[in-house]
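A structural walkthrough
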Amino acid sequence: MPNPTSSSGSKLSAISGNASQTILKAPPLPKSLPAHYKREWQALIRHLMGQNAWLPEKASVVEIFLLNVRLIRDAQERMDADGGLITPEGKTHPGSALIARHTGTATKLAAALGLGKDKLAAVTPSKPAKPAASTWSA
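Here is a short report on the structure shown in this document. Remember, it's a predicted structure, so these values are computed and weren't measured experimentally. Going along each chain's sequence as written, the residues are numbered from 1 onward. Reporting in this predicted model follows two pLDDT cut-offs: at least 70 for local features of residues, and 80 or more for side-chain atom pairs to be given and counted; totals over whole chains, interfaces and linings ignore these cut-offs and use all residues. To get the side-chain values, all heavy atoms of the structure are used, and hydrogens and water are removed first.

Comments concerning the pattern of salt bridges
Between side chains of opposite charge, a pair can form as their charged atoms come close. Here, a salt bridge means any Lys or Arg side-chain nitrogen found within 4 Å of an Asp or Glu carboxyl oxygen. Under the counting rule described, the total for this entry stands at 3 salt bridges. Linking Arg73 and Glu40 is a salt bridge whose minimum nitrogen-to-oxygen distance equals 2.8 Å. With Arg73 in helix α2 (residues 59–81) and Glu40 in helix α1 (residues 38–50), this pair connects stretches of sequence that are 33 residues apart. Under the scheme applied here, a residue whose accessible area is under 20% of the maximum for its type counts as buried, over 50% as exposed, and between as partly exposed, the area being computed with a 1.4 Å probe on protein chains only. Judged by relative accessible area, Glu40 falls into the partly exposed class, the value being 28%. A salt bridge links Arg70 to Asp74; its shortest N-O distance comes to 3.8 Å. A residue pair is termed a helical-turn pair when its members lie 3 or 4 positions apart in one helix, as Arg70 and Asp74 do in helix α2 at 4 residues. Elements are defined by DSSP. Helices are runs of H or I of four residues or more, strands are runs of E of two residues or more, and each kind is numbered from the N terminus.

Points about the side chain of Thr87
Structurally, the position occupied by Thr87 is in the loop between α2 and α3 (94–112). Whether two residues touch is decided by their heavy atoms; if any such pair falls within 4.5 Å, the residues are in contact. Excluding residues within four positions of it along the chain, Thr87 makes contact with Thr92 and His93.

Quick look at the nonpolar core
Buried together is how nonpolar side chains tend to be arranged in soluble globular proteins. Within this scheme, the nonpolar core is defined by two criteria: the residues are buried Ala, Val, Leu, Ile, Met, Phe, Trp, Tyr or Cys, and they are joined through side-chain atoms within 4.5 Å. If you look at the biggest cluster of nonpolar residues, it comprises 23 residues, and the most contacted ones within it are Trp41, Ile45, Trp54, Val62, Phe65 and Leu66. Counting only elements with at least two residues in this core, the list comes to α1, α2 and α3. It is α2 that provides the largest number of residues to this core, a total of 8 residues.

Things to note about the environment of Ser32
Assignment of secondary structure puts Ser32 in the loop between β2 (21–25) and α1. When the C-alpha atoms of Ser32 and Glu63 are compared, they prove to be 8.0 Å apart, with 31 residues separating the residues in sequence. For Ser32, the contacting residues outside a window of four places in its chain are Glu63, Leu67 and Arg70. Throughout this description, a polar contact denotes any pair of N or O atoms lying within 3.5 Å of each other; where both atoms belong to protein, one of them has to be capable of donating a hydrogen while the other can accept it, and for residues adjacent in sequence the pair is counted only when both atoms sit in side chains. A polar contact of 2.3 Å, which involves the side chain of Ser32, links it to the side chain of Glu63.

Describing the packing of α2 against α3
A fitted line through C-alpha atoms serves as each axis, taken over the contacting stretch for helices, and the angle formed by two N-to-C directions is quoted from 0 to 180°. Contact geometry of α2 with α3 gives a least axis separation of 9 Å together with a crossing angle of 155°. It follows from the interaxial angle that α2 and α3 lie roughly antiparallel. The way α2 lies across α3 gives a crossing that is left-handed. In this structure, α2 uses Val61, Ile64, Phe65, Asn68, Leu71, Ile72, Ala75, Gln76 and Met79 to contact α3, whose residues at the interface are Gly95, Ser96, Leu98, Ile99, His102, Thr103, Thr105, Ala106, Leu109 and Ala110. Per-class residue counts for the contact of α2 with α3 are 12 nonpolar, 7 polar and no charged. When describing relative orientation, an angle under 35 degrees is termed roughly parallel and one over 145 degrees roughly antiparallel, while 65 to 115 degrees is termed roughly perpendicular and anything else oblique. In this scheme the handedness of a crossing depends on how the near helix is turned from the far one: anticlockwise by less than a right angle means left-handed, clockwise means right-handed. Residue classes follow a fixed rule: Ala, Val, Leu, Ile, Met, Phe, Trp, Tyr, Cys and Pro count as nonpolar, while Asp, Glu, Lys and Arg count as charged, and any other residue, Gly among them, counts as polar.

Structural notes on the packing of α1 against α2
In contact at an axis separation of 11 Å, α1 and α2 are set at 135° when each is read in the N-to-C sense. Taken together, α1 and α2 sit at an angle that is classed as oblique. By crossing handedness, the relation of α1 to α2 is classed as right-handed. Between α1 and α2, the residues in contact are Glu40, Trp41, Leu44, Ile45 and Leu48 and Ala59, Val62, Glu63, Phe65, Leu66 and Arg73, respectively. Considered class by class, the residues forming the contact of α1 with α2 number 8 nonpolar, no polar and 3 charged.

Written out as structure tokens, the structure is:
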């Protein structure tokens, strides 16, 4: 079976809507990812495109990143279905080890893709229009 993320299958194409706007199209979703991951696949690649960090060779890194995210989510769902982190026998659920392992891998892959925490937009809390009177304020 040919690699779905090979350079011939992952060429980036641009569709011109009009002179002022160009819509970039992501390569097709790899067969290793379920169909419901298509939006995340496209969003990640478009994010990389917007950062001028996209290369077709990065498709396999994005694919492996999403596979790790999938494994983390599957392990969490299994743990939730089984009653949580601690099994009825009082032992740690095996899914917790999978989550720890794949979270570390996903974090490293995210950093390789430029998706690290220092690359995300900072969220600033909104201040209330009129601060409430408090006994703690100076």
